[in-house]
Amino acid sequence: MRLRQKLIAAAMPALAILAALLIVAVMIAGVGESPAEAYRILAQGAVGDWRSLTDTLVKTVPLIFTGLSFAFAAKCNIWNIGAEGQLYMGAVASTAVGVYCTGLPALLHLPLALLAGALAGGLWASIPAWLKVRFKINEVVSTIMLNYTAILVVSALVYGPMIEDPFKSPQTCKILPTARLPVLFEGTKLHAGILLALLACVLYHLIFRHMLFGYRVSAVGKNREAARFSGISVERSICMSMIIAGVFGGLAGAIEMLGTNGLLIIGFSPEYGSDGIAVALLGQLEAVGIFLSAFLLGALRLGATALQRKTDIPQQMITIMQGIIVLFVIAGSAIGRILQNRAAKKEVK
Amino acid sequence: MEFITYILTSAVRSAIPLTLAGLGGVLSERAGIMNLALEGQMLMGAFFGVYFSYATGSPWLGVLGAMLVCALVGLVMAVLSIRLCANQIVVATAINLISVGITGYCLKMFITNIGNGTVITVPSFRAVSIPVLSSLPFLGEVLFSYKPLTYVTILLAVLIHIYLYKTKLGLVHRSIGENPLVADTLGINVNLVRYGAVVACGVLCGISGAFMSLSNLNQFQNGMVSGRGFIAFAAVIFGGWSPFGVLGASVFFGLADAIQMRMQAMQTGISYHLLQCVPYLCTLVALVFARKSAACPASDGLPYRKEET
């Protein structure tokens, strides 16, 4: 019985992906393109050769972090839609350290820049955490308001004091080489950020499988009142999980700066924050699932740009596909729960 | 005087879409469905308003099309959150995500590609001047010189107020948001009312979005709702889950927006990026002060599972 449940749980995301691929295939056929050819171009562009494969991995890195960000809070039944803002805050803090802290050895400079990004993300997330615990303000609304605020504040900085040259396009100075994440393979863009992302996944897994802290957070997430009665500080768990979610979000931005971009330019994030929500939900809030779905959605994103280049299909197609996947995952798990309840009731009878 | 007139009229223009979506939020939440998908539905309304107005040549048919599409989106929200009892926040988030994709895709396929890069002009609303009244000094401009949907919105607020507080169905509607079990014991079809409320919310969001694209901007831009759906959600809370409360809260947020826009134009030396933060920060501050949650429907956000016997 339990094995069957586990199998169903594992098969569901796969079914959701399959269903989304089918629906999008119909849409592609509807605009007069061949779905098979479109998917071939998509796959070719995403993982067709060594270069596109490493590019996909580069795209996977921020998605893993924003996915972990959403998932960590979701484990506590808190909905962090604020990864985008945390990412911007992390990016600007690590860029500031990377640009303005001169004369440091790489061994010190790089960790310092990463730390700045993580702290900035965590601090930014502590605002909705505080508003939630102190004033019971819905965290979805507060994180979204703070997303817009973060992007505007960072824009003000990049257009203002941090601008490289006021007469050129708005971007900061280049981050010093001592703060850059090293490239892993010569001739590709793949940088050490992927290792940090893997490390973060392992850490996430350990926290929720083997640590008392993770157990407390999930206990609060499953049943707030029961957790309170058993002596867990609900407010503390909510705050901590939100702040850790913010740290993951901040690291997403920091690593994007120190690894991929090398400088801060407005609009560097193609909505990594909301992609992270899809990553976490598709990955069922589990570390392995998050890694796999981040890779899948990263590949889809990259493949979609190839698709847009070679056909008339706009790359927004992928956002639709992503949304359909998420809707099916939600519907699937809801139906699964209803069926389980029915089966349980029959057994009782 | 001219300054005050400007601020007031542009505050009303900003407040109307918030009010419309907020009224939808009131209907949905009074029935116990926490609707965070206002944003996505407004975005859909904004696009399909433009699309149907372009296709039919009439802005009124544009609004009608937007209402129909958003009713459909509301139905998806309703099935997932009522029939399947899925988490309402997650469902709404998914709807918001998918709306960004659908509108971005359709904009490229059906508007941008057709115009070959040139901007397509879409039939949109013109201001109606109410004879005599609109020529009054000051009052004429502040009260009687808007586009038709503005007056429709005020009317809708009054109608929804009457529905909720003066009709029997309205009483039933509110009781479901407070305690669906009691309503069910009295023989009321809880989920049917909830379906109606969520679909009606979708329709109102459709009008709201169409107002933004057909009355304020006369075109669709990607992501043009930019958080107003969530500000409307906040207006529902700030306005104490009542239609007139929402109207007042929306005017407050509209004022903040109008002052911020005016200050951008005045070149005060403050970064215009920072000025644009004002509406979002005002929303947070308003929520802090709107803590008196006694008005909050007691079962808001909780699915109702009827025992299968």
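This text follows the structure it describes.
To keep things clear, this report deals only with the structure shown in the data block. Quick caveat, the model's predicted, so the values are computed rather than measured. (Residues numbered from 1 in each chain as written. Chains lettered and ligands numbered in written order. Predicted model: local features only at pLDDT ≥ 70, side-chain atom pairs only at ≥ 80, totals over all residues. Heavy atoms only, no water.)

### Brief notes about the overall build of chain B
At step 1: A count of helical and extended segments in chain B gives 13 helices and zero strands.
At step 2: N-terminal to C-terminal, the α/β element order of chain B is α-α-α-α-α-α-α-α-α-α-α-α-α.
At step 3: In terms of overall dimensions, chain B is globule-like: its C-alpha atoms have a radius of gyration of 20 Å, near the 19 Å expected for 309 residues.
At step 4: Seen through its C-alpha atoms, chain B measures out along the principal axes to roughly 65 × 45 × 40 Å.
At step 5: Taken across its 309 residues, chain B has 54% of its residues classed as buried. (Helix = DSSP H or I, 4+ residues; strand = E, 2+ residues; numbered from the N terminus. Rg over C-alpha atoms; globule rule 2.2 N^0.38 Å. Buried < 20%, exposed > 50% of the residue type's maximum accessible area, 1.4 Å probe, protein only.)

### Quick notes on the environment of A:Thr102
At step 1: By the secondary structure assignment, A:Thr102 is in the loop between α4 (83-100) and α5 (106-135).
At step 2: Classification of A:Thr102 as exposed rests on a relative accessible area of 59%.

### Describing the interface of chain B and chain A
At step 1: With 46 residues of chain B in contact, the opposing surface of chain A contributes 45 residues.
At step 2: Carbon and sulfur atoms make up 78% of the area that chain B and chain A hide from each other, which totals about 4000 Å².
At step 3: At the surface where chain B touches chain A, the tally comes to zero salt bridges.
At step 4: For the pair chain B and chain A, the interface holds four residue pairs in polar contact (both at pLDDT 80 or more).
At step 5: Elements that contribute at least two residues to the side of chain B that touches chain A include exactly α3 (59-83), α4 (88-112), α10 (228-238), α12 (272-276) and α13 (278-289) of chain B.
At step 6: Grouping the amino acids of the side of chain B that touches chain A by side-chain chemistry returns 28 nonpolar, 11 polar and seven charged. (Contact = heavy atoms within 4.5 Å. Buried area = accessible area lost by both parts, 1.4 Å probe. Salt bridge = Lys/Arg side-chain N within 4 Å of Asp/Glu carboxyl O. Polar contact = N/O pair within 3.5 Å; in protein donor to acceptor, adjacent residues only side chain to side chain. Nonpolar A, V, L, I, M, F, W, Y, C, P; charged D, E, K, R; others polar.)

### What about the pattern of salt bridges?
Where charged atoms from two side chains of opposite charge come close, those side chains can pair.
All names here are of chain A.
At step 1: Following the criterion strictly, the structure yields eight salt bridges over all chains and no others.
At step 2: The shortest N-O distance in the salt bridge between Arg-40 and Glu-37 comes to 3.3 Å. Of this pair, Arg-40 and Glu-37 both sit in helix α2 (residues 35-47), three residues apart, roughly one helical turn.
At step 3: With relative accessibility at 39%, the residue Glu-37 sits in the partly exposed group.
At step 4: Across the pair Arg-209 and Glu-286 runs a salt bridge whose closest N-O atoms are separated by 3.4 Å. Of this pair, Arg-209 sits in helix α7 (residues 193-210) while Glu-286 is found in the loop between α11 (272-282) and α12 (287-310), placing the two residues 77 residues apart along the sequence.

### Comments concerning helix α1 (residues 2-30) of chain B
What sets the pattern is the α-helix's 3.6 residues per turn: residues three or four places apart point alike.
All names here are of chain B.
At step 1: Between its terminal C-alpha atoms α1 stretches 40 Å, which fits the 42 Å expected from 29 residues at 1.5 Å a residue.
At step 2: Considering bend angle alone, the principal kink of α1 is centred on Ala-15 and spans about 30°; proline Pro-17 follows within four residues of it.
At step 3: Taken from the residues just after α1, Gly-32 is the one with a positive phi, measuring 95°. (Expected span 1.5 Å × (residues − 1). Bend = angle between axes of the 7 residues up to and from the residue.)

### Focus on a nonpolar patch on the surface
Residues and elements named next belong to chain B.
At step 1: There is a patch of nonpolar side chains on the surface, built from Ile-154, Leu-155, Val-158, Leu-159, Ile-162 and Phe-244 and spanning about 500 Å² of accessible area.
At step 2: Per-element accounting of the nonpolar patch gives the leading share, five residues, to helix α6 (residues 148-166).
At step 3: Relative to the elements of secondary structure, Leu-155 occurs in helix α6.
At step 4: Leu-155 gets classed as exposed once you look at its relative accessible area, which sits at 52%. (Patch = residues over 30% accessible without salt bridge, like charges linked within 9 Å, V, L, I, M, F, W, Y side chains within 5 Å. Areas by Shrake-Rupley, 256 points an atom, 1.4 Å probe, with all protein chains shown as cover.)

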